[in-house]
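One-letter residues, chain by chain:
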Amino acid sequence: MTASLLRWYEREARELPWRRTRDPWAILVSEVMLQQTQAARVVPYYERFLARFPDPAACAEAPVADVLRTWSGLGYNRRALALHRAAGVVAREGWPDDLASLPGVGPYTAAAVASFAFGAAVLAVDVNVRRVLARSGLEVEPTPQLNQALMELGATVCTARAPRCSACPLADGCDGPEEAAQGGPGRPRFEDTARYVRGRVVAALVAGEALPEVGPERLARALDGLERDGLIERSEGRIRLPGDTLG
Ligand code: ADE
């Protein structure tokens, strides 16, 4: 089964820029961006971010407001803060043996960087890969190529809601998507979420525009949360990006 998965990957894989490098900084940037964001959306941000911050030192030396500006539009801005802090650690001390000790790097991202940058024989299990393994029952000896193949299958064929089993190299003997038929719980509209308001606030600060008109309570909650997470600073009634001297 592994062999047919790898053949499928060779044939069908999307051309994604982080698959052409083994530079740990580039891989880390890609994997942090790919947490919660689809690959096609990540590509332009990845290229822009690495052009601006080609190595950990370049990122660590930049004011965090610059990093947030370069990140802006991708969402989940806390990831950018964590990446900035991780860059500082790597610039000062080099890459740690335990990648999960870096800010913003959980077990999945640590495994992905260990595999793709350092060639470690570890399985990088994100939600997509967990679903592929659960449905197919596949047992694997992890290699970088196999991690990429499992991610690709989970992202493009063995999807949560509408899997394309007829196109799947693992369909033989697979129990199939039991949960797919049930639909799953409804999700709130994005505009109704706290994440939406927080994202709008950061985008407004980056653009030097007025704060979003979302009602005083939602705005106050968003500002409190952003300040707590270190994404904004408040003093004397003024709100700015951390370390930003322009505002
Ligand atoms: N999602 C998380 N990591 C990925 C990768 N390396 N390629 C494509 N999608 C991913």
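Overview of the structure. This one's a predicted model, so the numbers in the text were calculated from it and none came from an experiment.

Residues in contact with the ligand, as listed here, are Leu-16, Trp-18, Arg-19, Glu-31, Leu-34, Tyr-108, Phe-116, Gln-148 and Met-151. Between a nitrogen atom of the ligand and a side-chain N or O atom of Gln-148, the distance comes to 3.3 Å. Considered on its own, the ligand offers 260 Å² of accessible surface; in the complex 93% of this is hidden by protein. In this structure the site holding the ligand corresponds to the largest pocket. Among the residues forming the shell around the ligand, the class breakdown is six nonpolar, one polar and two charged.

Here we take up the nonpolar core. Counting 74 residues, the largest nonpolar core has Leu-5, Trp-25, Met-33, Phe-49 and Leu-153 as its most contacted members. Split by domain, the residues of this core number at least three in each of domain 1 (2–167) and domain 2 (190–240). With residues near it in sequence (within four places) discarded, Met-33 still touches Val-42, Tyr-45, Tyr-46, Phe-49, Trp-71, Leu-74 and Arg-79.

Moving on, we come to the packing of helix α10 (residues 194–207) against helix α11 (residues 216–228). For the pair α10 and α11, interaxial distance at closest approach is 9 Å and the crossing angle is 75 degrees. Comparing their axes, α11 and α10 come out roughly perpendicular. Contacts between α10 and α11 involve Tyr-196, Val-197, Arg-198, Val-201 and Val-202 from the former and Arg-218, Leu-219, Ala-222, Leu-223, Gly-225 and Leu-226 from the latter. Residues of the contact of α10 with α11, tallied by class, amount to eight nonpolar, one polar and two charged.

Cut-offs used in this document
- Residues numbered from 1 in each chain as written.
- Predicted model: local features only at pLDDT ≥ 70, side-chain atom pairs only at ≥ 80, totals over all residues.
- Heavy atoms only, no water.
- Near = heavy atom within 4 Å.
- Polar contact = N/O pair within 3.5 Å; in protein donor to acceptor, adjacent residues only side chain to side chain.
- Areas by Shrake-Rupley, 256 points an atom, 1.4 Å probe, with all protein chains shown as cover.
- 1 Å grid on protein atoms, 1.4 Å probe; cavity = no way out; pocket = protein on both sides within 12 Å on 5 of 7 lines; lining within 4 Å.
- Sits in = over half its atoms within 2 Å of the grid points.
- Nonpolar A, V, L, I, M, F, W, Y, C, P; charged D, E, K, R; others polar.
- Core = buried A, V, L, I, M, F, W, Y, C linked by side-chain atoms within 4.5 Å.
- Buried < 20%, exposed > 50% of the residue type's maximum accessible area, 1.4 Å probe, protein only.
- Domains from an automatic or database assignment.
- Contact = heavy atoms within 4.5 Å.
- Axes fitted to C-alpha atoms, helices over the stretch in contact; angles between N-to-C directions.
- Helix = DSSP H or I, 4+ residues; strand = E, 2+ residues; numbered from the N terminus.
- Parallel < 35°, antiparallel > 145°, perpendicular 65-115°, else oblique.

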